[in-house]
Amino acid sequence: MFDRLQAVEDRFEELGQLLYDPAILNDPKKLREYSQEHSKIEDTVTAYREYKEVTAQLKDAKSMLEEKLDDEMKDMVKLEISELSERKEQLEEQLKILLLPKDPNDDKNVIVEIRGAAGGDEAALFAGVLYKMYTRYAENRGWRTEMIEANPNDVGGYKEVIFQITGQGAYSRLKYESGAHRVQRIPVTESGGRIHTSTSTVAVLPEVEEVDVEIHDKDIRVDVFCSSGAGGQSVNTTQSAVRLTHIPTNTVVTCQDEKSQHKNKDKAMKVLRARVYNKFLEEAQSEYADIRKSAVGTGDRSERIRTYNYPQSRVTDHRIGLTLHKLDQVLNGELDEVVDPLIVSEQSEMLKKVEA
């Protein structure tokens, strides 16, 4: 492990020098590439340097015990040794986690798709609740959201809503949200006060650049048509809506949120690229995917991952057995108390596999 850590520190130093090289400063592509790599390993290097410093201090403290000290001084040194030993163990565990294989998509922006599933209008209403929860979470973390496509129903919910979240590490925290979200509450349409159970599905896809997945123009069928729904009279008079079909995978994306056909096509292409990429990822069955499946589930939309119980103000994540009686806070975008334990669970599973 320490050979790897030393290699990371050496690379960090090399990158630091490269970032001051005039040739690199005049090459935007290389500058961005090296800056990103430098940033990614900075936490590991910082922890490793602290580990080396603590180890050196611990060695010095232990050598002091071999000298002639009065009782008070000896007690102080023993206390220092205890504190340094504890910190050394903490850093060792931290470094093990920092060296775990990283999901290559963790730093990417995301495209989130929410659909009302079982429960009719109530499921669509809950899809709207989930949409607000994620947009508030994004706002809390300083991320930006952009609507891509919305298909509202008559009662104020969404049959389907697709939007983008742009921000550092968005996928690393939101990837755990894919799956079926179950709600238990009394619907506004229920006169008898009975609790109903409904579900909405969430899919979180990493935004994909053209270099990540190759989609040929010949493999895409483009259809344009008049928009329908909210947006004013102009939506029905121009062929601004776009439907893209990726023929090899039969992936279909429709976008009519913008009045411009060009903008709708650009947005639809983002979603299409992400969906096709996700299909390829699912088919790959990589080692990382196997580890993540054992830790936090498959991420499939058919898998129930969480229940939101309104009468008990309870949120339960079924993958790790986590229950919080903080429904209002969670729905208001305070998701870290749910996401952080999922990350810890995944890291623990990965550590077990590495150490086995």
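Quick note: structure is the one above.
Residues numbered from 1 in each chain as written. Predicted model: local features only at pLDDT ≥ 70, side-chain atom pairs only at ≥ 80, totals over all residues. Heavy atoms only, no water.

A. Expanded view of the overall build of the protein. Helices and strands together make up the secondary structure of the protein, namely 10 helices and 11 strands. Out of the 356 residues in the protein, the part that is buried amounts to 43%. Here the analysis covers contacts within the protein between residues at least 6 apart in sequence; of these, 63% occur between residues at least 24 apart. Total accessible area computed for the protein in this model is approximately 19600 Å², and 47% of it derives from carbon and sulfur atoms. (Helix = DSSP H or I, 4+ residues; strand = E, 2+ residues; numbered from the N terminus. Buried < 20%, exposed > 50% of the residue type's maximum accessible area, 1.4 Å probe, protein only. Contact = heavy atoms within 4.5 Å. Areas by Shrake-Rupley, 256 points an atom, 1.4 Å probe, with all protein chains shown as cover.)

B. The environment of Leu 98, seen in detail. Mapped onto the elements, Leu 98 comes out in helix H4 (residues 71–98). Once you skip the residues sitting within four places of it in the chain, Leu 98 turns out to touch Asp 43, Thr 44 and Ala 47.

C. Seen up close, the pattern of salt bridges. Inspection of the entire model under this criterion finds 24 salt bridges. Salt-bridge contacts for Asp 107 lead to Lys 40; the nearest nitrogen and oxygen are separated by 3.8 Å. With Asp 107 in the loop between H4 and strand S1 (110–116) and Lys 40 in helix H3 (residues 28–64), this pair connects stretches of sequence that are 67 residues apart. The exposure class of Asp 107 is partly exposed, given its relative accessible area of 37%. Among the residues examined, Lys 40 registers a relative accessible area of 57% and is labelled exposed. Salt-bridge contacts for Glu 113 lead to Arg 275; the nearest nitrogen and oxygen are separated by 2.6 Å. Of this pair, Glu 113 sits in strand S1 while Arg 275 sits in helix H7 (residues 261–284), and the two are 162 residues apart along the sequence. Note on accessibility: Glu 113 and Arg 275 belong to one class, buried. (Salt bridge = Lys/Arg side-chain N within 4 Å of Asp/Glu carboxyl O.)

D. Summary view of H4. Its 28 residues give H4 an end-to-end C-alpha distance of 40 Å, which sits within 8% of 40 Å, the value for a rise of 1.5 Å per residue. Taken residue by residue, H4 has Val 77, Ile 81, Leu 84, Leu 91 and Leu 95 as its buried positions. On its buried side, H4 packs onto helix H1 (2–18) and H3. (Expected span 1.5 Å × (residues − 1).)

E. Examining the sheet that holds strand S6 (residues 220–225) more closely. Taken in spatial order, the 3 strands make up an open sheet running S6-S7-S8, and their pairing is antiparallel. Each of the sheet's edge strands pairs with one partner strand only, and the pair in question is S6 and strand S8 (251–255). Shown here is a sheet whose adjacent strand axes are inclined to one another by a mean of 15°, direction ignored. Bridge count for strand S7 (residues 241–246) against S8 is 5 bridges, and the pairing is antiparallel. Across the sheet, His 246 pairs through a bridge with Thr 251, a residue of S8. (Pairing = 2+ DSSP bridges. Axes fitted to C-alpha atoms, helices over the stretch in contact; angles between N-to-C directions.)

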